[in-house]
Structure formats: C-alpha cells, structure tokens
Amino acid sequence: MQAIRQLKQHGFTTQINTTVMPTNVHELADVAALLHEQRVDVWEVFFLITTGRGTEIKATTAQENEDVCNFLVDASRYGFTVRTVEAPFFRRVALERRGSDSIFPRAMEGHSLYASLRDRLIERLGPSTAPIRAPSAATRDGKGIVFVAANGDVYPSGFLPIKLGNVRVSSLIDIYRDNELLRSIRAAEFVGPCGACEFANLCGGSRSRAFAAYGNPLASDPGCVHVSESVASSR
C-alpha cells in the first residue's frame with residue numbers, strides 16, 4: 001500500500017490486478033473502494049482458469065461471472081478503468097449496459113451476488129453517474145494477444161498451453177499471421193453456442209477456459225452465462 005501511495009505521489013500510472021475466485025468474490029466491492037481511495041488508475045480483474053496452479057482452485061460459475069461483470073461496470077464509474085483477463089464476455093456486458101437507460105441493469109435485479117456487491121459499493125462510495133470506463137477492444141487469446149515465454153516459446157496466451165512455435169526459430173509475425181489455430185480463433189470458428197453467438201467477434205469466449213474444460217481451444221466457453229443457458233435449454 002505504501003508503494004502504491006509513493007507511485008501516485010510521483011505521478012506514476014498505477015494498475016492493480018485481482019483474481020476472482022469463490023473465496024474472495026464477496027470482497028470485490030471493498031477492493032474497488034480501496035482502489036478508489038488510493039486513486040488507482042486501472043483495475044485489471046482476472047477470471048480464474050483452472051490450468052497450471054489454478055487446477056487446485058475452484059472457479060466461479062457462469063452466473064457468478066455475469067454478476068461480477070455487471071458489478072465491474074458499476075465499479076468503472078468511480079474513477080478508474082476496469083479491464084478483465086479471460087472474461088471477454090465483460091465487453092458484451094459493458095456494451096449492453098451502455099445501451100441501457102438505467103444506471104443499474106433491470107435484468108440483474110434478483111441476483112443476490114450482483115445486488116450485494118452493488119449495494120456494498122454504494123455503501124462505501126455513494127452513488128455515481130459518471131461514464132463507464134471499460135475498454136471494448138475485441139481481443140482474446142490469439143486475437144491481438146500472444147504470449148512469449150522466457151525460452152522463446154509462443155502461446156496464444158499465458159493461460160492456453162498450446163505451443164505455436166518459438167521466436168528463436170520463426171518470426172513472431174509469421175507465427176501470429178499464419179498459425180492455423182490463431183487464424184481460426186480470429187475468424188471466430190468456434191464450436192457450439194460461441195460460434196453461433198451474435199457477440200462472437202466482440203467477445204468470442206475465453207479460449208483458455210474452453211481448452212481447460214474440454215481440451216478444445218475452439219469449444220464454447222463454459223464460463224459465459226449465454227453458453228450455460230444454451231446448454232441447459234438443449235437438454
């Protein structure tokens with residue numbers, strides 16, 4: 001906390017990263033209030049992918065993700081930009097909220113997690129009608145993003161362990177442009193609900209979460225409420 005204060009005193013842009021898990025999801029409003037009080041510039045919120053060390057940790061449900069994303073739109077009205085990692089559906093939520101006449105989404109009324117986070121945020125910081133500060137660039141694993149490891153290996157993202165090549169052997173530009181998986185990701189050639197979704201380009205689901213769940217990076221993202229609802233209705 002002292003480091004954050006010193007950075008702000010000297011004019012640095014500060015960013016705080018938080019990982020959303022069932023064990024801390026009810027604390028997010030207090031985290032947002034803390035960042036507001038410290039005048040943090042960017043809040044980057046990671047949604048857990050059960051890969052690597054994350055396989056031992058339970059992830060939030062699709063409905064919890066939807067509740068959290070709506071809360072994060074609210075939080076972005078308090079002076080800092082909110083970005084997400086492995087939650088591209090946040091862009092869809094932000095778009096829907098920008099087009100709404102209501103500050104708070106009527107569709108989320110009755111959802112206890114969203115309501116409790118929203119109410120706690122207002123209790124801590126008061127109401128805000130400031131504009132939403134959430135970027136809408138349609139990036140995702142392998143689309144506008146790649147991960148280069150310390151040994152030069154290239155992956156679609158840090159959470160998608162499919163090796164695409166190595167920058168010591170091949171041009172990073174060539175890998176990004178020509179790799180078959182990356183081309184399919186950028187073309188939104190997804191299996192199931194993600195492929196048929198009207199937000200396939202803007203969102204496209206987390207390819208890392210799809211791979212962790214099904215072993216297929218082009219499968220639908222089980223962390224999205226649209227996917228879970230589509231699967232439930234087809235049963």
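Computed from a predicted model, the values in this text were never measured in an experiment.

1. Overview of the overall build of the protein
Part 1 of the reasoning: On a plain count of helices and strands, the protein comes out with 10 helices and 8 strands.
Part 2 of the reasoning: In summary, the protein has a C-alpha radius of gyration of 18 Å against a globular reference of 18 Å for 235 residues, a match within 12%.
Part 3 of the reasoning: The dimensions of the protein, computed from C-alpha atoms along their principal axes, are 55 × 50 × 35 Å.
Part 4 of the reasoning: Across the 235 residues in the protein, those meeting the buried criterion constitute 47%.
Part 5 of the reasoning: Long-range contacts, defined as pairs at least 24 residues apart, comprise 67% of the intrachain contacts of the protein with a sequence gap of at least 6.
Part 6 of the reasoning: Of the accessible surface of the protein, which amounts to about 11700 Å², a share of 52% is contributed by carbon and sulfur atoms.

2. Regarding the state of the cysteines
Part 1 of the reasoning: According to the stated counting rule, one finds 0 disulfides in the structure shown.
Part 2 of the reasoning: Not engaged in a disulfide, the cysteine C197 finds its nearest cysteine sulfur in C224; these two sulfurs lie 6.5 Å apart.
Part 3 of the reasoning: Classification of C197 by relative accessible area gives partly exposed; the value is 26%.

3. What about unusual backbone geometry?
Part 1 of the reasoning: Despite not being glycine, R39 shows a phi value in the positive range, around 60°.
Part 2 of the reasoning: Along the polypeptide, R39 turns up in the loop between α2 (28-37) and β2 (42-47).
Part 3 of the reasoning: A positive phi is found at E86, a non-glycine position, where the angle reads about 60°.
Part 4 of the reasoning: By the element assignment, E86 lies in the loop between β3 (81-85) and α4 (89-98).
Part 5 of the reasoning: On the basis of relative accessible area, E86 is assigned to the buried category, the value being 7%.

4. Concerning the sheet that holds β2
Part 1 of the reasoning: Ordered by their spatial adjacency, 3 strands build an open sheet running β1-β2-β3, and the pairing between neighbours is parallel. The sheet is open, and its two borders are formed by β1 (15-20) and β3, each paired with just one other strand. Strand-to-strand twist in this sheet, taken as the mean axis angle between neighbours without regard to direction, amounts to 25°.

5. Structural notes on a nonpolar patch on the surface
Part 1 of the reasoning: Together, V148, V167 and L172 give the surface a local cluster of nonpolar side chains, amounting to about 190 Å² of exposed area.
Part 2 of the reasoning: Examined against the element boundaries, V148 turns out to sit in strand β6 (residues 147-148).
Part 3 of the reasoning: By relative accessible area, which is 37% here, V148 ends up partly exposed.

6. A few points about the pattern of salt bridges
Part 1 of the reasoning: All chains considered together, the criterion is met by 12 salt bridges.
Part 2 of the reasoning: Close ionic contact of D30 with R120 constitutes a salt bridge, the shortest N to O distance being 2.8 Å. Here D30, found in helix α2, pairs with R120, found in helix α5 (residues 112-125); they are 90 residues apart in sequence, far enough to count as distant.
Part 3 of the reasoning: By relative accessible area, D30 is classed as partly exposed at 26%.
Part 4 of the reasoning: Judged by its relative accessible area of 28%, R120 falls in the partly exposed class.
Part 5 of the reasoning: The salt bridge partner of R92 is E66, with a shortest N-O separation of 2.7 Å. Here E66 lies in helix α3 (residues 62-75) and R92 lies in helix α4, a separation of 26 residues in the sequence. Here R92 matches E66 in class, with each residue buried.
Part 6 of the reasoning: Salt bridges sharing partners connect three or more residues here, namely D30, E37, R120, E123 and R124.

7. Comments concerning the sheet that holds strand β8 (residues 165-166)
Part 1 of the reasoning: The strand order across the open sheet formed by 3 strands is β6-β7-β8, and the pairing between neighbours is antiparallel. Both outer strands of the open sheet, β6 and β8, are each paired with one neighbouring strand and no more.
Part 2 of the reasoning: When strand β7 (residues 153-155) meets β8, the two strands line up antiparallel, connected through 2 bridges. For V154, the partnering residue across the bridge sits in β8 and is G165.

8. Things to note about α4
Part 1 of the reasoning: For α4, the buried fraction is high: 7 of the 10 residues fall into the buried class.
Part 2 of the reasoning: Those residues of α4 that sit buried are F89, F90, R91, R92, V93, A94 and R97.

Rules behind the numbers
- One numbering rule holds for all chains: residues counted from 1, following each sequence as written.
- Only residues with pLDDT of at least 70 are given local features in this predicted model, and only at 80 or more are side-chain atom pairs given and counted; all residues enter the totals for whole chains, interfaces and linings.
- Side-chain calculation: all heavy atoms of the structure are included, whereas hydrogens and water are not.
- A run of DSSP states H or I qualifies as a helix once it reaches four residues; a run of E qualifies as a strand once it reaches two. Both are numbered from the N-terminal end.
- With C-alpha atoms as the basis for the radius of gyration, the globule rule is written as 2.2 Å multiplied by the number of residues raised to the power 0.38.
- Only protein chains enter the accessibility calculation, which uses a 1.4 Å probe. A residue is then buried if its area is under 20% of the maximum for its type, exposed if over 50%, and partly exposed in between.
- Note on contacts: a residue pair qualifies if any of its non-hydrogen atoms lie within 4.5 Å across the two residues.
- Residue burial considers only the protein chains on display, and all accessible areas are found by Shrake-Rupley using a 1.4 Å probe.
- By convention in this document, the label disulfide applies to cysteine sulfur atom pairs within 2.5 Å.
- Only when DSSP finds a minimum of two bridges between them are two strands counted as paired.
- A fitted line through C-alpha atoms serves as each axis, taken over the contacting stretch for helices, and the angle formed by two N-to-C directions is quoted from 0 to 180°.
- Residues forming no salt bridge and having over 30% relative accessible area are the ones grouped into patches, like charges within 9 Å of each other and nonpolar side chains (Val, Leu, Ile, Met, Phe, Trp, Tyr) within 5 Å.
- A carboxyl oxygen of Asp or Glu within 4 Å of a side-chain nitrogen of Lys or Arg is what we treat as a salt bridge.

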